[in-house]
Amino acid sequence: MRLFRTFRRRRILSAMSSDSTTWQGILERYPLFAGLDASQQRTLRGLAEIFLHEKRLDLAQGARLDEKERLLLAAVACLPVLALGLDPYDTWQTLIVYPRTFVPRRSETDEAGVVHPIGPRVGEAWPHGPVLVSWRDLERDLAGEWDYAMNVVIHEMCHQLDHGNGGFDGMPALPSGIASSRWIRVFSEAFARLEEAEKRREETFLDPYALEAPAEFFAVACETFFVAPEDLKEGYPEVYELLKIYFRQDPWTRMNEGGRG
C-alpha cells in the first residue's frame, strides 16, 4: 500500500495541475509564506497538489471556492507538514468548508448533566475527521484582522497532528529528539504562565482561548509559531524551540533572514 501511494503521489507531482503564475501569486501575497526558499516552495506546492487529490473537499451552506482559493487553502493546510510530509494527515479524509462561522447541529452536556447548545464556530476537528473551517475567517486570519496571531486552518490541522498519539491532549506523536517529559514540563509551565497572566488581566499575545484545554494551548501555540514566530520565540522560547524541533521548521529565521530563491 505504501509503495502504491508513493507511486500515485509521484504521478500527481509529475502532472501538476496548478498554474505557476497563480502559485507564485499566492506565495507573494501572503506573509504566512514569507521566506520560503525555492526548494521549500516546490515542496509546499507538491504537498498542496497531493492534498487536493487525496482529501475530499466539501463545500457547505453555499460556500464557493475557485481554483486559486482551493490551492491557497491546501497550501495553508500543508504548511505545518512542510518538512513532515502528508503521512500525519492519513487518519482523516474530509475537509468541510463553510462560507462563514457555522453552528454545529448538536449540544454539549456539562459535568452536572446540563445540556448546552453550541454557539457559532470558526472551525472544528474530529478524531479521524472531518475537519471543518470557515472560509471567511481564514481570509480574515490571512489579512491579520485580529489582535492575536490566528489561522483557523493551521489551528485545526494541528489538532489532527495532536491526535497522532491517540488523543487530543496537547502532545502529538513526538520525534526521537524530544522526550515526552520535556514536552509536558515546557507546555505545562507555559500554560500555567498564561493562566496567571489572565488572572492578573495582563495583556498577552497568545489568544486566551488557549486556556480551554492543553489541546487548545498546543493549537494556539502552533498558530502563533507560524503566524507570528517572533512573538512566540521571545515570549515562550522553550515552546518555540520544541515546536521548531517537532515541525522541523524555523519560521522566525526564514521570515527574518531568509529570502525567496
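Now for a quick tour of the structure. Fair warning: this is a prediction, and the values are worked out from it, not measured in the lab. (Residues numbered from 1 in each chain as written. Predicted model: local features only at pLDDT ≥ 70, side-chain atom pairs only at ≥ 80, totals over all residues. Heavy atoms only, no water.)

Thoughts on the packing of helix 4 (residues 67-78) against helix 6 (residues 152-162)
Consideration 1: Where helix 4 meets helix 6, the axes come as close as 8 Å, and the angle between the chain directions of the two elements is 50 degrees. It follows from the interaxial angle that helix 4 and helix 6 lie oblique. Remark: the crossing between helix 4 and helix 6 carries right-handed chirality. Side by side, helix 4 and helix 6 meet where Leu73, Val76 and Ala77 of the first sit next to Val153, Ile154 and Met157 of the second.
Consideration 2: Tallied by class, the residues present in the contact of helix 4 with helix 6 amount to 6 nonpolar, no polar and no charged. (Axes fitted to C-alpha atoms, helices over the stretch in contact; angles between N-to-C directions. Helix = DSSP H or I, 4+ residues; strand = E, 2+ residues; numbered from the N terminus. Parallel < 35°, antiparallel > 145°, perpendicular 65-115°, else oblique. Left-handed = near helix turned anticlockwise from the far one by under 90°. Contact = heavy atoms within 4.5 Å. Nonpolar A, V, L, I, M, F, W, Y, C, P; charged D, E, K, R; others polar.)

A closer look at the pattern of salt bridges
Consideration 1: What the rule picks out here adds up to 9 salt bridges.
Consideration 2: In this structure, Arg121 and Glu124 form a salt bridge, with 2.8 Å as the shortest nitrogen-oxygen distance.
Consideration 3: Among the ionic pairs, Arg136 bridges to Glu139, the shortest N-O distance being 3.9 Å. With Arg136 and Glu139 both in helix 5 (residues 135-142) and 3 residues apart, the pair spans about one turn of that helix.
Consideration 4: Here the residues in one salt-bridge network are Arg185, Glu189 and Glu238, joined through shared partners. (Salt bridge = Lys/Arg side-chain N within 4 Å of Asp/Glu carboxyl O.)

Regarding the packing of aromatic side chains
Consideration 1: Summed over all chains, the structure comprises 16 aromatic pairs.
Consideration 2: Their ring planes at 70 degrees and their centres at 6.2 Å tell us that Trp183 and Tyr246 sit as a pair that is edge-to-face. Taken as a pair, Trp183 in helix 7 (residues 180-199) and Tyr246 in helix 10 (residues 237-247) lie far apart in primary sequence, 63 residues in all.
Consideration 3: You can call Trp183 buried: its relative accessible area is 1%.
Consideration 4: Using a relative accessible area of 8% as the deciding quantity, one classes Tyr246 as buried.
Consideration 5: Relative to Phe218, the ring of Phe187 has its centre 6.4 Å away and its plane inclined at 55 degrees; by these criteria the two rings are tilted. Here Phe187, found in helix 7, pairs with Phe218, found in helix 8 (residues 214-227); they are 31 residues apart in sequence, far enough to count as distant.
Consideration 6: Judged by relative accessible area, Phe187 falls into the buried class, the value being 8%.
Consideration 7: The structure contains a cluster of three or more aromatic residues connected by ring pairs, namely Trp183, Phe187, Phe191, Phe217, Phe218, Phe225, Phe226, Tyr240, Tyr246 and Phe247.
Consideration 8: Against the face of Trp92 rests Lys55, its NZ or CZ located 4.4 Å from the ring centre.
Consideration 9: The ring centre of Tyr236 lies 4.2 Å from the NZ or CZ of Arg193, which sits over that ring. (Phe/Tyr/Trp six-rings, centres within 6.5 Å; stacked < 30°, edge-to-face > 60°. Buried < 20%, exposed > 50% of the residue type's maximum accessible area, 1.4 Å probe, protein only. Lys NZ or Arg CZ within 6 Å of the ring centre and 35° of its normal.)

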